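Now for the letters of each chain:
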Amino acid sequence: MATVDRQASLLTAEEFAKRPDSGMAEELVRGVVVMPPPPGFRHGFVCARLAKLLAIHVDDNDLGRVLGNDAGVVTERGPDTVRGPDVSYYSYARVPKGREPVGYAATPPDLACEVISPSDRWKDVMEKVGEYLKAGVLAVVVLDPDKRTAHVVQVDRPPVALGPDDVLRLEPILPGFEVVVGQLFA
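Residues numbered from 1 in each chain as written. Predicted model: local features only at pLDDT ≥ 70, side-chain atom pairs only at ≥ 80, totals over all residues. Heavy atoms only, no water.

Draft legend 1. Geometry of the nonpolar core. With 26 residues, the main nonpolar core has Leu54, Leu111, Val141, Leu143, Leu168, Leu170 and Leu174 as its most contacted residues. Mapped by element, the contributors of at least two residues to this core are α3 (41-60), β6 (87-91), β7 (111-115), β8 (139-144) and β9 (149-154). The element contributing the most residues to this core is α3, with 6 residues. When residues no more than four places from it in sequence are discounted, the contact partners of leucine 143 are Val46, Leu50, Glu114, Val115, Ile116, Thr149, Ala150, Leu184 and Phe185. The next biggest cluster of nonpolar side chains, apart from the first, holds 10 residues, and it includes Val125, Val137, Val142 and Val153. (Core = buried A, V, L, I, M, F, W, Y, C linked by side-chain atoms within 4.5 Å. Buried < 20%, exposed > 50% of the residue type's maximum accessible area, 1.4 Å probe, protein only. Helix = DSSP H or I, 4+ residues; strand = E, 2+ residues; numbered from the N terminus. Contact = heavy atoms within 4.5 Å.)

What follows is the structure, given as structure tokens:
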């Protein structure tokens, strides 16, 4: 029986970034490529809605860049993990104006947003949230389309759960940004 050296088959973030596009959503988790099932229409709608609202605010106030879910974030090294937040925001303080980085940014985003998919388990989503925060993301927003809620998790602050009638504010990361949570699902 042949044995496989698991360490030798693990990918680095750099190797993962150079792979040809498979046409599917992929993440690198501790050196191994994983492909979650495509999340569906509602998930895409909520992601696009959030990205649009964030981008309008960020562009109008010249704060930085809003990225969609194809932009990987290196959350761990040795073995490497690259996550693809559904929506992320990089301030110009983290990634200055000018040419956008090729591959993954050297720094994590200020904000990472995840929209819960039908196939997601809460435990797995919270593991991803912890990875983002440990990597240096300042805040993570988790949107739940079934419950029409938002959960905001920040370093050194207790998590905040918001209902559909509550206002999502992201101070001091995005000064002046606010949206009624239910509008993200409408």
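Having put the structure on the table, let's press on.
Draft legend 2. How the structure looks around the side chain of glutamate 27. By the secondary structure assignment, glutamate 27 is in strand β1 (residues 27-29). A polar side-chain atom of glutamate 27 sits 3.3 Å from a polar atom in the side chain of lysine 128. Every residue in contact with glutamate 27, bar those within four places of it in the chain, is listed here: Phe16, Val32, Val33, Val34, Val82, Arg83, Gly84 and Lys128. (Polar contact = N/O pair within 3.5 Å; in protein donor to acceptor, adjacent residues only side chain to side chain.)

Draft legend 3. Structural view of α3. For α3, with 20 residues, the first-to-last C-alpha span of 28 Å sits near the 28 Å given by 1.5 Å per residue. Within the sequence span of α3, burial applies to His43, Val46, Cys47, Leu50, Ala51, Leu54, His57 and Val58. Each buried residue of α3 lies within a common arc of 135° when the element is viewed along its axis, so the set occupies one face. Residues of α3 that are exposed and point over 90 degrees away from its buried face: Phe41, Asp59 and Asp60. Summarising the contacts, the buried residues of α3 are in contact with β3 (64-67), β6, β7 and β8. (Expected span 1.5 Å × (residues − 1). Arc of directions from axis to C-beta.)

Draft legend 4. View of the sheet that holds β7. An order of β3-β6-β7-β8-β9-β10 is seen for the 6 strands of this open sheet, with the pairing classed as mixed. In this open sheet, the two edge strands, each paired with only one partner strand, are β3 and β10 (160-162). Averaged over all neighbouring strand pairs, the angle between strand axes comes to 15°, with direction disregarded. When β9 meets β10, the two strands line up antiparallel, connected through 3 bridges. (Pairing = 2+ DSSP bridges. Axes fitted to C-alpha atoms, helices over the stretch in contact; angles between N-to-C directions.)

By themselves, these figures tell us nothing about what the structure is for.
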